[in-house]
Amino acid sequence: MLPYGRQSISPEDIEAVAAILRGDWLTTGPTVTAFEEAIATATGGHRAVSCTSGTAALHMAYAAAGVGPGDQVVTTPMTFVATASGASILGAEIVFADVEEDTALLDPAAVDAVVTERTKVIAAVDYAGHAADYDALQPIADRVGALTVDDAAHSVGGTYKGRPVGDLADITTLSFFPTKNLTTGEGGAVVAKDDAIAQRAHEFHFIGLVRDPARFRIGDEGPWHQEVHDFGINYRLTDVASALGLAQLARLQRFKERRAEITARYNAALADVDGVRTPVQRAWVDPAWHLYPVRILDGRRREVFEKMRAAGIGVQVNYIPVYWHPVYADLGYQRGMCPNAEAFYAEELSLPLFPDLTDDQVDQVVETLVSVLG
Ligand SMILES: *Cc1c(COP(=O)(O)O)cnc(C)c1O
């Protein structure tokens, strides 16, 4: 089965990991710091805190933003559940705002209609690797005293109006799962424009430990002393994983270019095919394409999915609207509340897209799709 996404591992990646295994620091060492600095450089220069997954990054981002009971988090239903559940688990109420009909990105007008003085965060997702409209979202957040979060699990390496992902929202979260644009196995990061938020994210992922003597509340226990002021979790990324991430980051631009080539090849091949709609791109966005989300029209998505899988093409569907998950349905969220997201879900099919996919394989995917559509 040709997968829909897959990591690209080089001999340099393998050597970088092996070197860590021969060294002194498997975790909490200098390679974690080096990886965090390299992520910061790649994402606009703000502090980056690495962690064990994109899900952990969202949990850290919401915790660092101070999200808790009584707060509302406005987000898109067209995402992986963690964008919402990371705030739900802290006791916040999720308010789903619909997406734009064509891009499937959080619609600023829909957000504007639902924000209140209880809105703590507006969380957008750069679906498929295409940045959401932050210049429209940020003023809405500023007006109600909320923060913006960019769930950039799909989009690291992309830009919006010339600014890199990481510099678009107050807080940005990344995922380094193997199918994403770069990988550490499991892994993720939080990037924050405000150093105080970055420091809270850091402490939350480090058990809440405070190590700066200037901040001690107990004081003079001795040189071993550290103390906890707020609860935290251990979400630390290892040096082993960070070494892989550093080696991968060196190839991020090449990954992005190859993903763009494949996207252009699909777009050209599918432009005149009946029964499909190809993804759109805003003129001011340079995406780091993570998914190729083609739309299968005429109610045929499930049939096409099954026939593609039967033909050995590992297509995927991204995503079921988040509020359809029983955990949200049980809280009273009703189907029908975000019609654009539901219409998009009904048609969406992710075609294989990863840097090592060859042109011949892309052509084979297209030929199979065209023959299935018959
Ligand atoms: C993958 C993903 C996550 C979660 O990342 P993990 O590293 O798998 O925990 C969150 N949001 C989006 C949009 C994702 O695609």
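Here's what I pulled together on the structure shown here. Throughout this document, residue positions are counted from 1 along each chain, in the order its sequence is written. Two thresholds apply to this predicted model, a pLDDT of at least 70 for residue-level local features and 80 or more for giving and counting side-chain atom pairs, whereas whole-chain, interface and lining totals are computed over all residues. As a rule here, side-chain values cover all heavy atoms of the structure and leave hydrogens and water aside.

1. Looking at the site of the ligand
Convention followed: It suffices for a single heavy atom of a residue to lie within 4 Å of a molecule or strand for the residue to be listed as near it. Polar contacts here mean pairs of N or O atoms no more than 3.5 Å apart (in protein, one a potential hydrogen donor and the other a potential acceptor; neighbouring residues in sequence count only if both atoms are side-chain atoms). A 1.4 Å probe and the Shrake-Rupley method give the accessible areas. Residues count as covered only by the protein chains that appear here. Counting from the N terminus, the helices are DSSP H or I runs at least four residues long and the strands are E runs at least two residues long. All amino acids are sorted into three groups, where Ala, Val, Leu, Ile, Met, Phe, Trp, Tyr, Cys and Pro are nonpolar, Asp, Glu, Lys and Arg are charged, and the leftover types, Gly among them, are polar.
Near the ligand, the surroundings consist of 15 residues, among which Gly54, Thr55, Asp151, Ser175 and Lys180 are the closest. In this structure, Thr55 approaches the ligand through a side-chain N or O atom, which is 2.6 Å from an oxygen atom. Within the side chain of Asp151, one N or O atom sits 2.7 Å away from a nitrogen atom of the ligand. In isolation the ligand has 380 Å² of accessible area, and contact with the protein removes 91% of it. Among the elements that line the shell around the ligand, the one with the most residues is helix α3 (residues 54–64), at three residues. Per-class residue counts for the shell around the ligand are five nonpolar, eight polar and two charged.

2. What about the sheet that holds strand β15 (residues 348–351)?
What counts here: Strands were regarded as paired on the criterion that DSSP finds at least two bridges between them. Every residue pair with non-hydrogen atoms within 4.5 Å of one another is taken to be in contact. Lines fitted to the C-alpha atoms define the axes, with helices restricted to the stretch that makes contact. Angles between their N-to-C directions range from 0 to 180 degrees.
Pairing in this open sheet of three strands is antiparallel, and the strands run β12-β14-β15 from one edge to the other. Of all strands in the sheet, those with a lone pairing partner are β12 (276–277) and β15, marking the two edges. Packing against the sheet, helix α9 (residues 252–270) makes contact with β12, β14 (292–296) and β15, and its axis sits at approximately 20 degrees to β14. The sheet strands contacting helix α12 (residues 339–347) are β14 and β15, and the helix crosses β14 at an angle near 90 degrees.

3. What to know about the sheet that holds strand β7 (residues 163–164)
Read from one edge to the other, the open sheet built from three strands follows the order β7-β6-β13, with strand pairing classed as antiparallel. Taken across any chain shown, the strands that pair with only one partner, and hence form the sheet edges, are β7 and β13 (285–286). The pairing of strand β6 (residues 159–160) with β13 spans two bridges and is classified as antiparallel. Bridge pairing in β13 places Tyr160 opposite Val285.

4. Some remarks on the packing of helix α10 (residues 301–310) against helix α13 (residues 359–373)
Selection rule: Should an angle fall under 35 degrees it is taken as roughly parallel, and over 145 as roughly antiparallel, whereas 65 to 115 is taken as roughly perpendicular and any remaining angle as oblique. The handedness criterion is simple: a crossing whose near helix is rotated anticlockwise from the far helix by less than a right angle is left-handed, and one whose near helix is rotated clockwise is right-handed.
Across the interface, α10 lies against α13 with an axial gap of 10 Å and an inter-helix angle of 130 degrees. Taken together, the axes of α10 and α13 lie oblique to each other. α13 is crossed by α10, and the crossing has right-handed handedness. Within the contact between the two elements, α10 uses Val304, Lys307 and Met308 and α13 uses Val365, Thr368, Leu369, Val372 and Leu373. Classifying every residue of the contact of α10 with α13 by side-chain character gives six nonpolar, one polar and one charged.

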